[in-house]
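Remarks on the overall topology
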Amino acid sequence: QKEVEQNSGPLSVPEGAIASLNCTYSDRVSQSFFWYRQYSGKSPELIMSIYSNGDKEDGRFTAQLNKASQYVSLLIRDSQPSDSATYLCAVGGYSGTYKYIFGTGTRLKVLA
Amino acid sequence: DAGITQSPRHKVTETGTPVTLRCHQTENHRYMYWYRQDPGHGLRLIHYSYGVKDTDKGEVSDGYSVSRSKTEDFLLTLESATSSQTSVYFCAISESAGAAQPQHFGDGTRLSIL
């Protein structure tokens, strides 16, 4: 079992719809959770951080964390073609050693 | 954007040659990281540094060495490059200790070993 799992996609949504991206993790002592956006041929760009259970909103983005179920999700409202990218989930924690693990990413395609 | 510069941006070299990639930051962040990104594997940590001359291994450190003689510079060296080290290499930085801090990435180096 991978430590951080994401569906590779592609996830296709029509323009204006809500895109829902999910990530599960295996280490229960994980403390911090991040979403990155990566356009093809570019570097990952941090878009959201979340540390406690519940929702965190930033513009059209909402991150949701459920530590009991060990998943974190990213909702993108009013999806735009410019949101088409790969979204990476990263999970951080310390259990004797520092760990910051990335999922392999979900490719999102927003159809105009 | 975080002030992170990677050089070179692209490099093609031959098997068996040494290769050094450079990461330079202007943020005065303590932590610096080297990752490689390959299809199907995502981002994997090679080495990281938590201060000048303080480094530690990551998940895929075999065949790589690093050095950090100044806060702003973190070098990744492939002593004798192999074709399996063909990849995109990213440098990242974070402000302080621990997994709670987000990392910010440079633009990457695309390395091809023929």
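Look up: the structure comes first, before these words.
These numbers come from a predicted model, not from an experiment.

What follows is about the overall build of chain B. A count of helices and strands for chain B gives 0 helices and 11 strands. Traced from its N-terminal end to its C-terminal end, chain B shows the element sequence β-β-β-β-β-β-β-β-β-β-β. The C-alpha radius of gyration of chain B comes to 13 Å, within 12% of the 13 Å expected for a compact globule of 114 residues. Overall size of chain B, expressed as C-alpha extent along the three principal axes, is 40 × 30 × 25 Å. A sequence separation of at least 24 residues applies to 55% of the contacts in chain B between residues at least 6 apart. Accessible area for chain B stands at about 5400 Å²; split by element, carbon and sulfur atoms hold 46% of it. Between the centroid of the 11 positive side chains of chain B and the centroid of its 13 negative side chains there is a distance of 3 Å.

A few words on the pairing of strand β7 (residues 64-70) of chain B. Relative to strand β8 (residues 73-78) of chain B, β7 of chain B runs antiparallel, the two being bridged by 5 bridges. Note on β8 of chain B: the bridge partner recorded for Y64 of chain B is L78 of chain B.

What follows is about the state of the cysteines. Residues and elements named next belong to chain A. According to the stated counting rule, one finds 2 disulfides over all chains in the structure shown. The disulfide bridge from C23 ends at C89, spanning 2.1 Å between sulfur atoms. Negative torsions about the S-S bond denote left-handed disulfides, and the value of about -70 degrees found for C23 with C89 makes this one left-handed. Taken together, the residues C23 in strand β3 (residues 19-25) and C89 in strand β9 (residues 85-94) connect sequence positions 66 residues apart. Exposure remark for C89: the relative accessible area of 0% places this residue in the buried category.

Residue and element names in this part refer to chain A. By the secondary structure assignment, V91 is in strand β9. For V91 and A19, which are 72 residues apart along the polypeptide, the C-alpha to C-alpha distance reads 21 Å. With near-sequence residues (within four places) excluded, V91 lies in contact with V4, Y25, S30, S32, F33, K99, Y100 and I101.

Residue and element names in this part refer to chain A. If you walk across this open sheet you meet the 5 strands as β1-β3-β8-β7-β6, and the pairing is antiparallel. In this open sheet, the two strands that pair with only one neighbour each are β1 (4-5) and β6 (54-58). In the sheet, β6 pairs with strand β7 (residues 61-66) via 5 bridges, with the strands oriented antiparallel. Considered in β7, the bridge of D58 is made with F61.

Thresholds, definitions, all that
- Throughout this document, residue positions are counted from 1 along each chain, in the order its sequence is written.
- For this description, chains carry letters from A and ligands carry numbers from 1, given in the order in which they are written.
- The predicted nature of this model means local features are confined to residues of pLDDT at least 70 and side-chain atom pairs, given and counted, to a pLDDT of 80 or more, with totals for whole chains, interfaces and linings taken over all residues.
- Here the side-chain values reflect all heavy atoms present in the structure, with hydrogen atoms and water set aside.
- Helix numbering and strand numbering both begin at the N terminus, where a helix is a DSSP run of H or I of at least 4 residues and a strand a DSSP run of E of at least 2.
- The atom set for the radius of gyration is the C-alpha atoms, and the globule formula is 2.2 Å times the number of residues raised to the power 0.38.
- It only takes one pair of heavy atoms within 4.5 Å for two residues to be counted as in contact.
- Computed with a 1.4 Å probe, the accessible areas rest on the Shrake-Rupley method; for each residue, only the protein chains presented here act as cover.
- In this tally, Lys and Arg are treated as positive and Asp and Glu as negative; His is ignored, and so are the chain termini.
- To locate a charge, the coordinates of NZ of Lys, CZ of Arg, CG of Asp or CD of Glu are taken.
- We call two strands paired when DSSP finds no fewer than two bridges between them.
- Throughout, a disulfide means two cysteine sulfur atoms within 2.5 Å of one another.
- For every residue, the accessible area obtained with a 1.4 Å probe (protein chains only) is divided by the maximum for its type, and the residue is called buried under 20%, exposed over 50%, and partly exposed between those limits.

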